[in-house]
Amino acid sequence: MLAAAIRDIKSLDARSYEGRVTALEGLRIEASGPREALRLGASVRFGDENGPRGELVGFAGDRAIILACDQLEGLGPGAPVHFVSGLDLVRPSDGWLGRVIDAFAEPLDIKGPLPSGLRARPVRAVAPNAQSRARVDRKMALGVKAIDVFTPCARGQRLGVFAGSGVGKSTIMSMLARGADADVIVIGLIGERGREVREFVEDTLGPDGLAKSVIVTATSDEAAPRRRRAAWLTLAVAEHFRDEGKQVVCFLDSVTRFAMAQREIGLAAGEPPTTRGYTPSVFAELPKLLERAGPGVTVEEGQPQGQITGLFTVLVDGDDHNEPISDAVRGTLDGHITLSRAIAERGRFPAVDVLKSISRLQNMLQTSEEKAVATRARRLMALYSNMEELVRIGAYAKGADAEVDEAVRLWPQMETFLQQDVHDVTTPEQAYAQLSAIMSPPAVAQKKAAR
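Below you will find a few notes about this structure. (Residues numbered from 1 in each chain as written. Predicted model: local features only at pLDDT ≥ 70, side-chain atom pairs only at ≥ 80, totals over all residues. Heavy atoms only, no water.)

For the rest of this paragraph, the subject is the sheet that holds strand E2 (residues 28–32). Reading around the circumference, E1-E2-E5-E4-E3-E6 is the order of the six strands in this closed barrel, with antiparallel pairing throughout. On average, adjacent strands in this sheet sit at an angle of 45 degrees to one another, irrespective of strand direction. As judged from the six bridges shared by strand E4 (residues 53–60) and strand E5 (residues 63–68), these two strands associate in the antiparallel manner. Across the sheet, Ala-60 pairs through a bridge with Arg-63, a residue of E5. (Pairing = 2+ DSSP bridges. Helix = DSSP H or I, 4+ residues; strand = E, 2+ residues; numbered from the N terminus. Axes fitted to C-alpha atoms, helices over the stretch in contact; angles between N-to-C directions.)

Right under this line is the structure:
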């Protein structure tokens, strides 16, 4: 404890250096200042030491390139700029549970100031060393049948939820937040609509869900540095509870908005645009953010092992699941859940496309019986998907293929199984039992129903 306190004291640096605004072009502000004050990522205040915030994102010769985090109406040439040296630190505590905060850990609700924890931790932390991290091998219930059966999740696993706009990302995230078996839920709402924050807090989580949650939000109208920092802060809060030995589920909605914020910052700093206008720093920052979720470091026997189970939504641009951000995120995570617009349009929610979703830990998490049921169901769904057009136009003759006949017979029941009300929470045991009853031969299924 003493060593940690000494480390925290050494990390604090209250020195402030003053500079001046020299140029302003679009979102980009240039300022001069003492050389020792100009450090990448330094916090900036305009006007005085309590004025609007900014972040140093690059250099133009010996001048600092700054992006504002707050409104700067009235800023003019020669305006004072205060560079605050030292690490960007935050002090999360258990008193943050039930609170809604912004990117700078300031409360957005009306519950008073946030309590500060004893330990300071960097907002932009580095993931633990890969060799020191615990193994990921224990199943976690998420409460959504289509996911628990066909894309099972482990404690400490990282899954992506990929979907176009209006297909149901926020809805399925609300189902997962309500049904996930976790001690603490940390939710980052990055670049989303302002009205959704209150709806999510009051309607989706409710008082019981909010009591074990921390919500970090930066809406779409906020500056790019705030949106990026809100994503970092979300992981920093999750890391605090993980280090306490808690089972944490971390939602980030959405990774795409984080990437867009990083693109704005990169372009303002002078980076060249590459794939679809995204700058190289976007693809460097994504794995740094996503790797922070996952298992904690291995602890001594008898101590609680904290994990961060990461569920990250990705807004697929133009329903192209191979667009740059989707492709980069999918290659970093431990599995992906794909939501289909075609499934949503026919009224089945959640619109999980089972055939395009995968968990890289599925073989480890399922028993042989569970795997057999899920594999057979997936095969029959794939058969029906291949033959669907022929069946609908009457070009397929019943009896031509026994397996296709079974797929056609069971399809309505499997569609019903995959459909789930937003307020319904189903355990994995119940889900496997329901699917097993559907996959049983008719005579066996009738006996099970009679019991």
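From this point, the narrative continues.
Turning next to unusual backbone geometry. The linkage connecting Asp-253 with the following residue, Ser-254, adopts the cis geometry, with an omega of 10 degrees. Relative to the helices and strands, Ser-254 resides in the loop between strand E15 (247–253) and helix H6 (255–268). Looking along the chain, the bond that leaves Phe-349 and enters Pro-350 is cis, with omega of -5 degrees. Take Pro-350: it is sitting in the loop between helix H9 (341–345) and strand E19 (358–359). Of note in this structure, Arg-276 is not a glycine but carries a positive phi near 50 degrees. Mapping Arg-276 onto the fold places it in the loop between H6 and helix H7 (280–290). Taking relative accessible area as the criterion, Arg-276 reaches 46% and is therefore assigned partly exposed. (Buried < 20%, exposed > 50% of the residue type's maximum accessible area, 1.4 Å probe, protein only.)

This part is about helix H12 (residues 402–418). Look at H12: 24 Å from first C-alpha to last across 17 residues, which is about the 24 Å you get at 1.5 Å a residue. Trp-411 marks where H12 bends most, by close to 45 degrees; the proline Pro-412 follows one to four residues later. The complete set of buried residues in H12 reads Val-404, Ala-407, Leu-410, Trp-411, Met-414, Glu-415, Phe-417 and Leu-418. The backbone nitrogen of Glu-403 lies 2.9 Å from a side-chain oxygen of the residue at the head of H12, namely Asp-401. (Expected span 1.5 Å × (residues − 1). Bend = angle between axes of the 7 residues up to and from the residue. Polar contact = N/O pair within 3.5 Å; in protein donor to acceptor, adjacent residues only side chain to side chain.)

Right, let's talk about the packing of helix H3 (residues 169–179) against helix H4 (residues 194–211) for a bit. Where H3 meets H4, the closest approach of the two axes is 10 Å, and the angle between their N-to-C directions is 40 degrees. Between H3 and H4, the angle falls in the class oblique. Like other packed secondary-structure pairs, H3 and H4 cross with a definite hand, here right-handed. Between H3, through Ser-170, Met-173, Ser-174, Ala-177 and Arg-178, and H4, the contact on the second element is made entirely by Glu-196, Phe-200, Asp-203, Thr-204 and Leu-205. Here the contact of H3 with H4 is composed, by residue class, of four nonpolar, three polar and three charged. (Parallel < 35°, antiparallel > 145°, perpendicular 65-115°, else oblique. Left-handed = near helix turned anticlockwise from the far one by under 90°. Contact = heavy atoms within 4.5 Å. Nonpolar A, V, L, I, M, F, W, Y, C, P; charged D, E, K, R; others polar.)

Worth remembering: the numbers are spatial, not functional.
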